[in-house]
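If you want the building blocks of each chain, they are given just below.
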Amino acid sequence: MTVLTTGRACMDVEAQIASINACGQRKQWQAALSLLGDMKRTTVIADVRVHRACISVCQKGAQWKSALGLLQEMPGIRLSADVISYNMCMQACEEGSQWQLALGLYDDMSCNAVHKNEITFGTCIVACEKGKQWRVALALFGESAACRVHVDETIYSTCIGACDHKNRWQLAVSILHEMVGSGIERSAICYNACISACGTGKQWQLAVGMLREMAGHKVHQDTTSYNAVITACAKGTQWELAVSLLDEMAQCTVRKSSMTYKSCISACERAGLQWQECLALSETMRSLQDDPKALPKVGGQGAVDDEVYKEACEHAGLVFFLPVLGALRADTFDATATHANRRDAVARIICSALWRVRGKVVFLFEDSRLLRISPSFVQACPTPSEFNIVRMLGHCLETGTSPGLEVVDLDPSRGPLGGHITSIVAEYAKSGPTAAALLHEAYPDSLDFRIAQGSSSGRSGQEGSAKKSLILFLGAVRDMSEDELREVHSACQTSNVPLLGANLGEQAEFTSKIIDILQGHFAHNRLVPAVWRHARLPLSASIEPLLPSPTAAQPAAQDRQLEQGFFWIFVPVGGKLGEITVDDWRQDGTYEVPRCCISHLWRSRGAHHSHLLSFVFANGEVLTVKPDLVTCLSRQQRAAPTEQNIVKALRIGSGDRTAQRRDTWLKIDEGCVTRSRAGNLLRRLGGNRPKLSSSTFCDLHVGGDGGESPRLDAYADAVGGLEVMPTRPARDVVMLLHQVGDEDFPDAFRAELAASLFGVTGRPVLNLTFPLMSLHTAISLLGHYGYVGALQMALQAVGRPAARRPAEPN
């Protein structure tokens, strides 16, 4: 159709509307607006129908601003917008993800006494759903019922899905049943959304009942239906039912996806450690053609991806060798014990060494028995909390069956230590180039990560480093004995393996944090060349250079240096503050919360007094923890940073009376834990507003490498040399830390925090990335960067020029 040209004053309204509609068919919204402008300059009066036609064209052309402009100009030319005009503007806003504007139009209709119909409510509900405004969407749905407006099946399914996000399974069931009374046929989409909501609310019986109800009403049960029910069974620890549903899918010829197997594996793990079922399901899942690289996710953190898993299993990689107190017996691994033989420390070490990273762990117990743990153990323990890891280890030792675990008994014929160290070193030396390192804060030499071999930027991997193995010897609760050090020296001499003794800094740290730091350097391609560059071969005949000095003093200057400013980290947490819990037999806890506390606030001998840590929940609440909590717990003989101690302290400190009644002996000093929101954060903490000119405010995306934002590289070759910088580094550091693809901060939180802390509008000044690692690993590594004086210099380097900072208010 030929679009009529402008300038014909005699053309009547009907012809103009036809021309505008022709523009709409070709999505030529500029031409439509031009025709409307021509009408205003002629004698042809543009009535409501003309404006409505132009709004429709703008809506089809995704021009929500122009559509709103046309609607707003109608009262000025004495035209009353009707429900169709409002609905088309709402649709334009909904398609443009402008849910606030859609709600504004909804309110304008009420003010202007414009009748709302099913399209009005449906469009607003969908707009709010897209904007993740679940509460508002449900409120609109309730108002539509009050107005006796009947919405369609799509809106019902949208509202049921909103119930899932708000954990309101009762309302989801009610809405589904309401569809019958409204004469609307319930589709598989509605049933699936309701089943998912029941699963979120841990109502597995209802979820199974709805699956059966679908069959009774002849509603097609698809893969999504079964996946939702199996997931609900997993949350309800009904592993047998989950596996039977898997078999039922085969009988009903319903296609299985990787998510189906993941959910079944999770059900088996949560309920009773059914290793055989897990292994069989895992092998079947890996054989799927639709998603061959899928692996079970690790409770909010994610398991190692398939490539990392294969590489860690097929070649040596990193090996952590640690001596442990006590005997290797099943009864010493009791998940319900409060503190037995420091098994909490063992669990944290295993988590740091295996989850979302690559490595193997070898523990040498005092009874000279060896426990070897490989990455396949991750597949058997989806959530790496202290409770889960200790429970699984105890079960494995009792039954003698598990993937990824191997117990090696003492062989007295091979020496007092059973020849374990010699065997480990010889095994990896035969597999390829291998180096070993003894790590302790008392060694005089530091392991230097700042210069990478064969790389000027630090971004590219080292040539051949992935084929080299590292065996890292370090203490776990206790240091290595002199006899153990001598055997390491002898084993390396025998197998011709280069060896060095070094520190990661002269400040003592928890072993799990040291492993976090090592894994972080490994993710930056720095660990392998650092060890290989300094390891020595041939070794000296004397063991003396490898004996740590018992008189090594802790540097007193460190705290003074950090006290000049603060390092404040914000971490997003799903759910609500009251949902922080430790693992038990019924549910998974929020294991990253205590792990992040340990990484940022605790150290082996005291606390990081210049550090602050805030957890930001989905509802906008902020829980801030100060290092004073470490001292407070220590005074009450609870210095050990176990999950139970930390979670109890956080709940009591935040005013949880139930937690206080359960542990009346634990008292948390005022100010150690503070509950607030972004807007009143400083007032609740009683602090002064920092100056943006002397601070760094940044957003660090962990696992975000490869995007537009630069990587935070705290290495000399990455920032052009750390020893000489043109200006003084920032005094204070405020960092928002989140895992790409996982929980993020609530909407508008970044802007609210900027206004609260610095009195400016906008978002964080710097957007930076980090390689893939867990959040607690990233926090430990950032703390290490700060300790060696590299963090603020690196932030300053990526923060130039100063023009990137928003102006401070007068």
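It should be noted that the structure appears before, not after, this text.
Residues numbered from 1 in each chain as written. Predicted model: local features only at pLDDT ≥ 70, side-chain atom pairs only at ≥ 80, totals over all residues. Heavy atoms only, no water.

### Structural notes on the side chain of aspartate 732
Consideration 1: You can see aspartate 732 is positioned in strand E15 (residues 732–739).
Consideration 2: Reaching out from aspartate 732, the side chain makes a polar contact with the backbone nitrogen of phenylalanine 566 at a distance of 3.0 Å.
Consideration 3: If we skip the residues at most four places from it in the chain, aspartate 732 touches Gly565, Phe566, Pro690, Ser694, Ser695, Thr696 and Gln792. (Helix = DSSP H or I, 4+ residues; strand = E, 2+ residues; numbered from the N terminus. Polar contact = N/O pair within 3.5 Å; in protein donor to acceptor, adjacent residues only side chain to side chain. Contact = heavy atoms within 4.5 Å.)

### Quick notes on the sheet that holds strand E11 (residues 611–617)
Consideration 1: Spatially, the seven strands line up as an open sheet ordered E13-E12-E11-E8-E15-E14-E16, and their pairing is mixed. Each edge of the open sheet is held by one strand with a lone partner, namely strand E13 (673–677) and strand E16 (766–770). Recorded for the sheet is a direction-independent mean angle of 25 degrees between the axes of neighbouring strands.
Consideration 2: Summarising the sheet, strand E8 (residues 567–573) and E11 pair through seven bridges and their orientation is parallel. Each bridged residue has a counterpart across the sheet, and for phenylalanine 567 the counterpart in E11 is histidine 611.
Consideration 3: Across the sheet, helix H26 (residues 592–601) is in contact with E8, E11 and strand E12 (621–625); its angle to E11 comes to roughly 160 degrees. (Pairing = 2+ DSSP bridges. Axes fitted to C-alpha atoms, helices over the stretch in contact; angles between N-to-C directions.)

### Structural notes on unusual backbone geometry
Consideration 1: With a phi close to 60 degrees, lysine 218 is a non-glycine residue in the positive phi region.
Consideration 2: Its identity as a non-glycine residue notwithstanding, alanine 748 has a phi of 70 degrees, on the positive side.
Consideration 3: One can find alanine 748 in the loop between E15 and helix H32 (749–758).
Consideration 4: A residue is classified by how much of its surface remains accessible, and alanine 748, at 49% relative accessible area, is partly exposed. (Buried < 20%, exposed > 50% of the residue type's maximum accessible area, 1.4 Å probe, protein only.)

### A few points about the pairing of strand E1 (residues 318–324)
Consideration 1: Among the seven residues that make up E1, seven are buried, leaving the element largely enclosed by the rest of the structure.
Consideration 2: Burial of the side chains of E1 extends over both faces: Leu318, Phe320, Leu322 and Val324 are buried on one face and Val319, Phe321 and Pro323 on the other.
Consideration 3: Of the strand pairs in this sheet, E1 and strand E6 (residues 469–473) are connected by four bridges, and their pairing is parallel. Considered in E6, the bridge of phenylalanine 321 is made with phenylalanine 473.
Consideration 4: By the bridge criterion, six bridges tie E1 to strand E2 (residues 360–365) in an arrangement that is parallel. Following the sheet pairing, phenylalanine 321 is matched in E2 by valine 362.

### Points about the state of the cysteines
Consideration 1: Counted according to the given criterion, the structure contains zero disulfides.
Consideration 2: Free of any disulfide, cysteine 58 has its nearest neighbouring cysteine sulfur in cysteine 54, separated by 6.7 Å. (Disulfide = S-S within 2.5 Å.)

### Regarding the pairing of E15
Consideration 1: Of all eight residues that make up E15, eight are buried, and the element is covered over most of its length.
Consideration 2: Burial along E15 is two-sided: the face carrying Asp732, Val734, Leu736 and His738 and the face carrying Val733, Met735, Leu737 and Gln739 are both buried.
Consideration 3: In this sheet, E15 lies alongside E8 in parallel orientation, the contact comprising four bridges. Within E15, the position partnered with phenylalanine 567 by the bridge is valine 733.
Consideration 4: As paired elements, strand E14 (residues 695–702) and E15 share eight bridges and run parallel to each other. Note that in E15 the partner of histidine 701 across the bridge is histidine 738.

### Things to note about H32
Consideration 1: Along H32, seven of the ten residues are buried, which leaves the element largely enclosed by surrounding structure.
Consideration 2: By the burial criterion, the buried members of H32 are Phe749, Arg750, Leu753, Ala754, Ser756, Leu757 and Phe758.
Consideration 3: Where H32 is buried, its residues contact E8, E11, E12, helix H30 (681–685), E14 and E15.
Consideration 4: Trailing H32 by a residue or two, glycine 759 shows a phi angle of about 70 degrees, which is positive.

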